[in-house]
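# What the coordinates show
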Amino acid sequence: RSFSVQAVARSDAGMVVRVQDAVPIERLAESVRQILAFDHFVTDAPIFLRDVPLWEGRDPQPVLEARGDVQRIAPGLFAFSGQFLRVRQALDAVVQDITARRAAREMAYPPLWPVPMLTAIDYFHDFPQLSLLVAGVAPDFQARATFADRNRKTAGRNTISCTAENGIGQAAHALAPTICDCCYWLLRGRRDVADQVLTVHGNVFRNETSEDGRLDRLTAFTMREIVMIGRKDFVLAQRAALVNEIELLLTQLDLKSSIVSADDPFFCNEALYKGAYQGGYRLKYEAHAALYGGRSTAIASINLHKDYFSRSYDFSGPDGAAIYSACVGFGYERMAYALFCRHGAEIANWPQPVRAKLGL
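The rules behind these values
- Residues numbered from 1 in each chain as written.
- Predicted model: local features only at pLDDT ≥ 70, side-chain atom pairs only at ≥ 80, totals over all residues.
- Heavy atoms only, no water.
- Helix = DSSP H or I, 4+ residues; strand = E, 2+ residues; numbered from the N terminus.
- Rg over C-alpha atoms; globule rule 2.2 N^0.38 Å.
- Areas by Shrake-Rupley, 256 points an atom, 1.4 Å probe, with all protein chains shown as cover.
- Lys, Arg positive; Asp, Glu negative; His and termini not counted.
- Charge placed at Lys NZ, Arg CZ, Asp CG, Glu CD.
- Contact = heavy atoms within 4.5 Å.
- Buried < 20%, exposed > 50% of the residue type's maximum accessible area, 1.4 Å probe, protein only.
- Axes fitted to C-alpha atoms, helices over the stretch in contact; angles between N-to-C directions.
- Left-handed = near helix turned anticlockwise from the far one by under 90°.
- Pairing = 2+ DSSP bridges.
- pLDDT = per-residue confidence, 0-100.
- Phe/Tyr/Trp six-rings, centres within 6.5 Å; stacked < 30°, edge-to-face > 60°.
- Lys NZ or Arg CZ within 6 Å of the ring centre and 35° of its normal.
- Expected span 1.5 Å × (residues − 1).

Looking only at helices and strands, one finds twelve helices and 15 strands in the chain. Computed over the C-alpha atoms, the radius of gyration of the chain is 22 Å, within 12% of the 21 Å expected from 2.2 N^0.38 for a compact globule of 360 residues. Taken along the three principal axes of its C-alpha coordinates, the chain extends 65 × 55 × 50 Å. Per element, the accessible surface of the chain, about 17400 Å² overall, is 53% carbon and sulfur. The positive charge centre, built from 40 side chains, and the negative charge centre, built from 40, are 3 Å apart in the chain.

Have a look at this one:
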């Protein structure tokens, strides 16, 4: 998952790693040694597996696009309406039922986050290839005049150079690369943090797209997260219960799916080492759903941060008690796409129990 790593090959003799940047060989070798040291902890065996056939094995996206349910705006950006939007909205209603059973407090955050929120957790160092920074025109007359002159309609630009010479100021904000970090940021410096469950719904932005323009990897997409913060035992119990909830939901939606141990792209960039650590200690699971033609995608993630965020943002419980956190995130465009891949392009033809679960 490291932005420097091009390929990893495994064998009984060890590992071969190919990188695209000038990574110091000893640093790379140490990462490989650490992975091999963790290897006996790690398994790819799923903790949940549901094997059912797909809808004729075909991709429903061309049908969804032909009738206007899915419309391309630009690479990685889509507009949704019709049946696809109905399913996406129905999925959020189902997940909100899960949050209601936990009396989760609903939160709403802006899509722009201050740079210090992400530097405090080393996001830009760890995952630079996904970062999307936001910079405005510098707040002075000359910068505004320069920017306006260079970017008039007659210039016919498809991109804008974000440089001081073009009038652009410093980037003080980034587009939100996930949706839960504000939950922890707002607790910074506090010494009275108690057990709590929060939920957040909103847009997420990452500098990536599907190579063939499919819906399984978008630059802007919609998520809901359930966030658990508090004592270790509280967080672990809530997370375990949510794993069971996701298993039940995958069954009720009749998806060809699995839940497997995974590594977390938000805790890199010693990604090889951290991925092995997370796999060995089961800090992250992903729910995967089959699409078509042997493809699959992660539609939900189940993450245990331990005390990572409380240390990064300097908060604790009464008397300095360590505070754990965990989150469960649902990616709605991917979930909806997986449902159409499984059951077909027409909701009316879906199994009645699935439609009933979604209220469709």
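To continue, consider the environment of leucine 304. Tracing the chain through its elements places leucine 304 in strand E14 (residues 296–306). Leave out the neighbours within four places in its chain, and leucine 304 touches Val235, Leu236, Arg239, Leu283, Tyr324, Ser325 and Ala326.

Attention shifts here to unusual backbone geometry. For alanine 103, which is not a glycine, the phi torsion comes out positive at approximately 50°. For alanine 103, the location among the structural elements is in the loop between helix H3 (82–100) and strand E6 (105–107). Within the chain, aspartate 122 stands out as a residue other than glycine whose phi angle is a positive 65°. With respect to the helices and strands, aspartate 122 occurs in the loop between helix H4 (115–119) and helix H5 (123–126). With a relative accessible area of 38%, aspartate 122 lands in the partly exposed category.

Here we come to the packing of H3 against helix H11 (residues 332–343). The packing of two helices is summarised by the inter-axis angle and the distance between the axes. The N-to-C vectors of H3 and H11 enclose an angle of 115°; their axes lie 9 Å apart at closest approach. The way H3 lies across H11 gives a crossing that is right-handed. Judged by residue contacts, Gln83, Phe84, Val87, Arg88, Leu91, Asp92 and Val95 of H3 engage Tyr332, Glu333, Met335, Ala336, Tyr337, Leu339 and Phe340 from H11.

This part covers the pairing of strand E13 (residues 284–290). In terms of burial, E13 is a largely internal element, six of the seven residues being buried. The antiparallel pairing of E13 with E14 creates a hairpin that spans five residues between the two strands, and glycine 293 there sits at a positive phi of about 55°.

All right, on to the confidence of the model for the chain then. Here the chain averages 89 in pLDDT, while 91% of its residues score no lower than 70. Within the model, the stretch residues 265–273 combines pLDDT values under 50 with 34 contacts to residues more than four positions away or in other chains.

Considering all chains together, one arrives at nine aromatic pairs under this definition. With a centroid separation of 5.8 Å and 10° between ring planes, the pair formed by phenylalanine 84 and phenylalanine 340 is classed as stacked. Here phenylalanine 84, found in helix H3, pairs with phenylalanine 340, found in helix H11; they are 256 residues apart in sequence, far enough to count as distant. Centroid distance tyrosine 184 to phenylalanine 309: 4.1 Å. Interplanar angle 20°. Geometry classified as stacked. Here phenylalanine 309 lies in helix H10 (residues 308–312) and tyrosine 184 lies in helix H7 (residues 181–185), a separation of 125 residues in the sequence. Considered together, tyrosine 184 and phenylalanine 309 belong to a single accessibility category, that of buried residues. Within the aromatic cluster, the residues linked to one another by ring pairs are Phe78, Phe80, Phe84, Phe340 and Trp350. Taking the ring centre of tryptophan 185 as reference, the NZ or CZ of arginine 188 above it sits at 4.0 Å.

Taken together, eight strands build an open sheet; the order of strands is E3-E12-E13-E14-E15-E11-E10-E6 and the sheet is mixed. Whereas interior strands pair on both sides, the edge strands pair on one side only; in this sheet they are strand E3 (48–50) and E6. The average angle at which neighbouring strand axes cross in this sheet is 20°, direction not considered. One ladder, built from five bridges, connects strand E12 (residues 257–261) with E13; its direction is antiparallel. Residue pairing for E13: serine 261 is matched across the bridge by tyrosine 285. Against the sheet, helix H8 (residues 232–252) engages E3, strand E10 (196–205), strand E11 (220–230), E12, E13, E14 and strand E15 (324–331), with an angle of about 140° to E11. Against the sheet, H11 touches E10, E11, E13, E14 and E15, its axis set at about 45° to E15.

Another point: the pairing of strand E1 (residues 5–11). Every regular strand shows the same layout, with side chains that alternate between the two sheet faces. Across six bridges, E1 lies against strand E2 (residues 14–19) in antiparallel orientation. By the bridge assignment, valine 8 is partnered in E2 with valine 17. Turn length for the E1-E2 hairpin, with the two strands adjacent in sequence and antiparallel, is two residues.

Over its 19 residues, H3 runs 27 Å from end to end, which matches the ideal 27 Å to within 8%, given 1.5 Å per residue. Buried within H3 are the following residues: Gln83, Phe84, Val87, Ala90, Leu91, Asp92, Val94, Val95, Ile98 and Thr99.

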